[in-house]
Amino acid sequence: MVAVDEDPVRHPLNVDADGIDRTPGPDKHPYYAQLAASDSGVLPVIRQVGGEWLPALLICRYDDVRMVLRRQDLFSRSAAAHADQVDVSGTMLGMDGAEHAAVRGTVKDSFTKPAVSELRDTVRAAAEAQLAVLVAKDRRADLVGDFAVPFALNVISDLLGLPEPDRAQFRRWGDMFMGTADLTRAEAARSAEEMGGYLWQQLDGRRGCPRDDLMTRIATAAADQPVDVQVKLPLSLLVGGWETTASSISTFVYLLRTRPYAGHDHAWDYLLAHPEAVDGAVTELERLHSTSNGDEMPRRVMADVTLPSGARLAEGDIVIPSHDAANRDPRVFPDPERMDFGRNPNPHLSFGYGPHYCVGAHLGALEVRVALALLLRELPTLRLAVAPDEVRWKQGHAILGPAELPVSW
C-alpha cells in the first residue's frame, strides 16, 4: 500500500479543506509541469471518497501515463472502483478487458472517424440553429446556456434518438451526476436513478418499435447485458457527450478572448486573420486546457511493475494517471507551457489512450471545431461581457468549465 506523508498533497490539486475541488479557472495547477519534468514523475496524494481520505500515486510523465492507460492487465479500472469520486459502476468507464470490449463494441462503430465525418453537415446545421437562438438575445447572452449546452445536447440526443421535449431535464440530472464532492453523492445517485428509469423506458420502447437511432442499436446489441449496463451505456454517452463538448466550447472561447497570441492582443483576433488555424488551435487548447477536472480515473496495480521512467509500483497501489501532467512533459512537448497553434506533432492525452480512449473523442472534436469556426465567422466581435476574473467556474464537478459565460457582440 502507498505510504502517506504526514502532510500529503490532496487530489485533485485544487481541492479545498472541505474536500471540494475549487478550480479557479482554466489554467492547470503549476505542479503538473513541475512533476512531468521531474526525474520521478510520481507524487503521493490523498483523495476524499465517501468521507474517507484514500492514498494514491499521481503518475505524471508521458510514457508512464501511456503505459498505465494501455495495460489493463497491470492497471485495473474495475479493481479501483472504491477510489472513484464519480460512481461509474456498470459503465464501460469502470470495466476492463473482455467485459469492457463487449460493452464498448456495442456503440464504437457509430463514433469512428469515418462515421463521424458523415455527421459534419448535421453538426453544422445544429450549430447554426443554436446560433440563431443566441443572436436573438439582442447582443448579450450566456454562451454556456444559450449556445454551447443546447448545441452539444441536441447533437448527442439526436444521435441517440431522444425526444426533444425531454432534453431540458438532462442538464439538471447531469450536473448532479457529475458532482465529485461528498455532499453531492446522494444527489448524484438520485439523478442517476431518475435518468436510468427514463432511459430504460426508451430502450424498452425500441425493442417493440425499432428506429434508425443509437438507442435502438443499444437495445438490440446490448440485450444480453445486465439491465444496469444497458441503461448506463446511453447515460454515459449522453452526459459525457454534452458536458465535455459544451465546457470545451465555452472554455476555449474564454481563453481565445483573454490570452494574447502571435503579436495579437487576443488569440481570437489571430484566428480571425487565420481561420485555417482553427483545427490546430483546438488541438493545442485540448492539450493545455482539457476539461477533465482531476486527471484520469484511478487504477489498481495488479502486480509489481516498473514504469518506463524507472519508477517502481507495488501490487495493490492505487494510481491516478495524469494527462494534464503528461501533456506538459518537455520530453514530448518542447516548451510545453507555450501555446502553439502550429504544434506538430501534438499527441496529447486529453482523450486518454489505449482501450479506454474516449469513445466520443472524434465527435466532440468535430463539434468544438464547427462551433468555434461558426462563432468566428458569424460573430467576429464576440467578446466577454464581464471582466475575466468575474467569470464563475464550476466547483466540485468532474468537468471543468464556466458555470456561465456572459458575452456580447
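Residues numbered from 1 in each chain as written. Predicted model: local features only at pLDDT ≥ 70, side-chain atom pairs only at ≥ 80, totals over all residues. Heavy atoms only, no water.

By the naming in an unreviewed UniProt entry, the protein chain is Cytochrome P450, taken from Micromonospora lutea.

Participant: What is the right way to read the overall build of the protein chain from this model?
Facilitator: What the protein chain contains, in helices and strands, is 14 helices and 11 strands. The globule rule puts the C-alpha radius of gyration for 409 residues at 22 Å, and the 21 Å found for the protein chain is close to it. The principal-axis extents of the C-alpha atoms in the protein chain amount to approximately 60 × 60 × 40 Å. Sorting the 409 residues of the protein chain into buried and exposed places 56% on the buried side. A sequence separation of at least 24 residues applies to 72% of the contacts in the protein chain between residues at least 6 apart. Working note: accessible area of the protein chain is about 17000 Å², and carbon and sulfur atoms make up 50% of it. Side chains of the protein chain carry 42 positive and 58 negative charges; the gap between the two charge centres is 3 Å. (Helix = DSSP H or I, 4+ residues; strand = E, 2+ residues; numbered from the N terminus. Rg over C-alpha atoms; globule rule 2.2 N^0.38 Å. Buried < 20%, exposed > 50% of the residue type's maximum accessible area, 1.4 Å probe, protein only. Contact = heavy atoms within 4.5 Å. Areas by Shrake-Rupley, 256 points an atom, 1.4 Å probe, with all protein chains shown as cover. Lys, Arg positive; Asp, Glu negative; His and termini not counted. Charge placed at Lys NZ, Arg CZ, Asp CG, Glu CD.)

Participant: Please explain the environment of K108 as it appears in this structure.
Facilitator: Within the secondary structure, K108 is located in the loop between helix 3 (97-105) and helix 4 (113-117). Separated by 257 residues in sequence, K108 and A365 have C-alpha atoms that sit 16 Å apart.

Participant: Mind showing me how you'd approach the packing of helix 9 (residues 214-221) against helix 10 (residues 227-258) here?
Facilitator: How two helices sit against one another is set out by the angle between their axes and by the gap between those axes. In contact at an axis separation of 10 Å, helix 9 and helix 10 are set at 150 degrees when each is read in the N-to-C sense. In this view, helix 9 runs roughly antiparallel relative to helix 10, as classed from their interaxial angle. The handedness of the crossing between helix 9 and helix 10 is right-handed. Residues L214, M215 and I218 of helix 9 lie in contact with helix 10, whose contacting residues are Q230, L233, P234 and L237. A class-by-class count of the residues in the contact of helix 9 with helix 10 yields 6 nonpolar, 1 polar and no charged. (Axes fitted to C-alpha atoms, helices over the stretch in contact; angles between N-to-C directions. Parallel < 35°, antiparallel > 145°, perpendicular 65-115°, else oblique. Left-handed = near helix turned anticlockwise from the far one by under 90°. Nonpolar A, V, L, I, M, F, W, Y, C, P; charged D, E, K, R; others polar.)

Participant: Looking at this model, I keep getting lost on helix 2 (residues 62-70). Mind explaining?
Facilitator: Structurally, the α-helix is built with 3.6 residues per turn, so residues lying three or four positions apart point the same way. All buried positions along helix 2 are accounted for by Y62, D64, V65, M67, V68 and L69. In this fold, the buried residues of helix 2 make contact with strand 3 (52-59), strand 4 (75-76), strand 6 (299-301), strand 7 (305-306), strand 9 (318-321) and helix 13 (323-326).

Participant: I'm lost on empty space enclosed by the protein in this one. Help?
Facilitator: Over the atoms rolls a probe the size of a water molecule, and its path tells where empty space is left. Under the definition given, this model contains 2 cavities of 30 Å³ or more. N14, T23, Y32, N293 and G294 are, among the 13 residues lining the second largest cavity, the residues nearest its centre. Per-class residue counts for the lining of the second largest cavity are 4 nonpolar, 5 polar and 4 charged. (1 Å grid on protein atoms, 1.4 Å probe; cavity = no way out; pocket = protein on both sides within 12 Å on 5 of 7 lines; lining within 4 Å. Points joined across faces, edges and corners; volume = space filled by probe spheres on them.)

Participant: What's the story with the pairing of strand 3 in this structure? I'm lost.
Facilitator: For a regular strand, side chains alternate in direction, first toward one face of the sheet and then toward the other. Inspection of the sheet shows strand 2 (residues 42-49) paired to strand 3 by 8 bridges, in the antiparallel sense. Within strand 3, the position partnered with V42 by the bridge is I59. Hairpin geometry of strand 2 and strand 3 is characterised by an intervening segment of 2 residues between the two adjacent antiparallel strands and by a positive phi of about 60 degrees at G50. Note: strand 3 against strand 9, 3 bridges, orientation parallel. The partner of I59 across the bridge, within strand 9, is P321. (Pairing = 2+ DSSP bridges.)

Participant: Would you mind going over the layout of surface pockets with me for this structure?
Facilitator: Space inside the largest pocket adds up to approximately 390 Å³. Along its surface, the largest pocket is lined by 19 residues, and K113, A361, H362, A365 and R369 are the ones closest to its centre. Of all the elements in the fold, those that place two or more residues in the lining of the largest pocket are helix 4, helix 12 (278-288) and helix 14 (361-378). The element that contributes the greatest number of residues to the lining of the largest pocket is helix 14, accounting for 5 residues. Class assignment of the residues belonging to the lining of the largest pocket gives a composition of 8 nonpolar, 6 polar and 5 charged.

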